[in-house]
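Examining the three-dimensional arrangement
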Amino acid sequence: MSGYGLVLGGGGARGLAHVGVWQVLEERGVLPDVVAGTSMGGLVGAFIAAGYSGDELERISRSVSWRRLLDLRPGPGLIRTSSLSAWLTHHLPPTFEELRRPLAITATDMLSGRAVYLTRGDLHSALRATTAYPGALEPVPMDDMLLSDGGILNQVPVDAALFLGARRVLAVDVTAPDPLELHERRVLLWKREANLGPLRALRRSVEIMQAQLTDARISLYRPDVLLRPQLGDIDLMNFNRAAQATQAGRDAALSELPRIRALLG
């Protein structure tokens, strides 16, 4: 093919749009040479790098209890990592080296405050690290680091694909938060209670910060094709809307298919 890298951004349940994007790329034979991802994008990217088809990924995404595996509600110790570890062991090889395609996963070292790129060794620990949403999952110790969610610093890691040798990049960004629905805003203002509640306000703040940082990074590392699926009001916890997120990914890829083919394959 064309030596291109597929980059999948983080976003909790919104990241299930990556499944639909992969289905379209696979159906059209526009297959990447390398894959890079963050958080949910890193998890989906690992399945792609391992050789899973789009249909297999969709079946998994609809059958698994994502809330049980990736409970992203802020709070102390809301999930036992043993559940995620057992699930990863069942579905994926233990090391990066056993994947069919090169894969890069981002994480954030909570000790140094730096972004980390994981490409070798323990795949399962890397996936637990990149999905370790602050406050919901404990950071993962690795060497002299304490690794947490890669989306803290690098939500759409185009640079990681370039590091793996990609000459062109197709990136999928599911970060950008849509405005609150107008009727909801009106109700809040009418009641003079413009308060989202502490948990929702925290999630909304993180989403806004990540969206702004993502725009800045994409301006530095510009992908050849950037897809932003229209996910409406699906937020990072809406795993029950997997079918809608997947369809949004399909629609985004199909709408740009001529450009994808021209630039990448």
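Please refer to the structure higher up on the page.
A brief structural summary. This one's a predicted model, so the numbers in the text were calculated from it and none came from an experiment.

Some remarks on the nonpolar core
Nonpolar side chains tend toward joint burial in soluble globular proteins. The biggest cluster of nonpolar side chains holds 60 residues, and the ones touching the most others in it are Leu25, Trp87, Leu92 and Leu103. Ranked by the residues each element gives to this core, the list is headed by helix α2 (residues 40-50), at eight residues.

Here we look at the pairing of strand β2 (residues 34-37)
Neither face of β2 is exposed, since Val34 and Ala36 on one face and Val35 and Gly37 on the opposite face are all buried. In the sheet, strand β1 (residues 4-8) pairs with β2 via four bridges, with the strands oriented parallel. Within β2, the residue paired with Leu8 across the bridge is Gly37. The parallel pair β1 and β2 is bridged by helix α1 (residues 17-27), and the resulting crossover is right-handed. Looking at chain direction, β2 and strand β3 (residues 103-109) are connected through three bridges and run parallel. Looking at β3, one finds that Ala36 is bridged to Ala104.

Comments concerning empty space enclosed by the protein
Applying the stated criterion across every chain yields a total of four cavities of 30 Å³ or more. Roughly 50 Å³ of volume is contained in the second largest cavity. Elements with a contribution of two residues or more to the lining of the second largest cavity: α2 and α3 (54-63). The element best represented in the lining of the second largest cavity is α2, accounting for four residues. Within the lining of the second largest cavity, the residues separate by chemical class into nine nonpolar, one polar and no charged.

With respect to the pairing of strand β7 (residues 168-172)
Counted residue by residue, β7 has four buried out of five residues, so it is predominantly covered. Note: β1 against β7, five bridges, orientation parallel. Looking at the pairing, Tyr4 lines up with Arg168 of β7. Across three bridges, β7 lies against strand β8 (residues 225-227) in parallel orientation. Bridge pairing in β8 links Ala171 to Leu226.

Here's the deal with the packing of aromatic side chains
Tallied over the entire structure, the rule returns two aromatic pairs. Between the aromatic rings of Phe47 and Tyr52, the centroid separation amounts to 4.8 Å while the plane-to-plane angle is 65 degrees, which identifies the pairing as edge-to-face. Judged by relative accessible area, which is 17%, Tyr52 ranks as buried. When the centroid spacing of 5.5 Å and the interplanar angle of 45 degrees are considered together, the rings of Phe47 and Trp87 count as tilted. Of the two residues, Phe47 is situated in helix α2 and Trp87 in helix α5 (residues 81-91); the sequence distance between them amounts to 40 residues. With respect to burial, Phe47 and Trp87 carry one shared label: buried. A connected cluster of aromatic rings, assembled from ring pairs, spans Phe47, Tyr52 and Trp87.

Cut-offs used in this document
- Per chain, the residues get numbers from 1 upward, laid out in the order the sequence is written.
- Totals for whole chains, interfaces and linings use every residue, but because this is a predicted model, local features are given only for residues with pLDDT of at least 70 and side-chain atom pairs only at 80 or more, for both listing and counting.
- With hydrogens and water stripped out, all remaining heavy atoms of the structure feed into the side-chain values.
- Here, nonpolar core means buried Ala, Val, Leu, Ile, Met, Phe, Trp, Tyr and Cys residues that are tied together by side-chain atoms lying within 4.5 Å of each other.
- Partly exposed residues are those whose accessible area sits between 20% and 50% of the maximum for their type, while under 20% is buried and over 50% is exposed, using a 1.4 Å probe and protein chains only.
- Going along the chain from the N terminus, every DSSP run of H or I of four or more residues is numbered as a helix, and every run of E of two or more is numbered as a strand.
- Between any two strands, at least two bridges found by DSSP are needed for them to pair.
- If the strands point away from the viewer and the path from the first strand over the helix to the second runs clockwise, then the crossover is right-handed.
- Cavities and pockets are defined on a 1 Å grid built over the protein atoms alone: a cavity is a set of grid points where a 1.4 Å probe fits but cannot escape, while a pocket is an open set with protein on both sides within 12 Å along at least five of seven lines, and lining residues are those with an atom within 4 Å of any such point.
- Grid points are joined across faces, edges and corners, and a volume is the space filled by probe spheres set on the points.
- Polarity classes work like this: nonpolar for Ala, Val, Leu, Ile, Met, Phe, Trp, Tyr, Cys and Pro, charged for Asp, Glu, Lys and Arg, and polar for all others, with Gly in that last group.
- The rule is short: rings of Phe, Tyr and Trp, with Trp giving its six-membered ring, pair when the centres are within 6.5 Å, and they are stacked under 30 degrees, edge-to-face over 60, tilted in between.

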